[in-house]
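Now for the letters of each chain:
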Amino acid sequence: MRREVNAGHFALVISVALIWTLVVVAFSTTMGSRPLRIYDWGPPVFACVMTLVFMIKDRMEGHGGL
């Protein structure tokens, strides 16, 4: 069963990525005792961007139109 990608899906992906990034940053910096590094926030942000790219590609291929 194929479901159409809609605005709610985009909001869900962005909110999960934001929450997960905050969790990773909070625990990996040990609550501010060391500086923030790219490997703290990079993977969740990259996963979010890649997911959004494929979601937009799917919509533009005629599966719901953008």
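Chemist: How should the nonpolar core be read in this particular structure?
Modeler: One recurring pattern in soluble globular proteins is that nonpolar side chains are buried together. One finds Val5, Phe10, Val13, Ala17, Cys48, Leu52 and Met55 forming the largest nonpolar core, which totals seven residues. Elements with a minimum of two residues in this core: helix H1 (7–28) and helix H2 (38–60). Leaving out residues up to four positions away in the same chain, Leu52 has contacts with Phe10, Val13 and Ile14.

Chemist: Is there a simple way to think about the environment of Val45 in this case?
Modeler: For Val45, the location among the structural elements is in helix H2. Relative accessible area serves as the criterion here: at 34%, Val45 is assigned to the partly exposed category. Measuring from C-alpha to C-alpha, the distance between Val45 and Thr21 comes to 7.2 Å, with 24 residues separating the pair along the chain.

Chemist: What is the right way to read the side chain of Thr21 from this model?
Modeler: Within the secondary structure layout, Thr21 lies in helix H1. A relative accessible area of 12% places Thr21 in the buried class. When neighbours within four sequence positions are excluded, Thr21 is seen to be in contact with Trp41, Pro44 and Val45.

Rules used throughout
- Residues numbered from 1 in each chain as written.
- Predicted model: local features only at pLDDT ≥ 70, side-chain atom pairs only at ≥ 80, totals over all residues.
- Heavy atoms only, no water.
- Core = buried A, V, L, I, M, F, W, Y, C linked by side-chain atoms within 4.5 Å.
- Buried < 20%, exposed > 50% of the residue type's maximum accessible area, 1.4 Å probe, protein only.
- Helix = DSSP H or I, 4+ residues; strand = E, 2+ residues; numbered from the N terminus.
- Contact = heavy atoms within 4.5 Å.

Any link to function would need more than the numbers given here.
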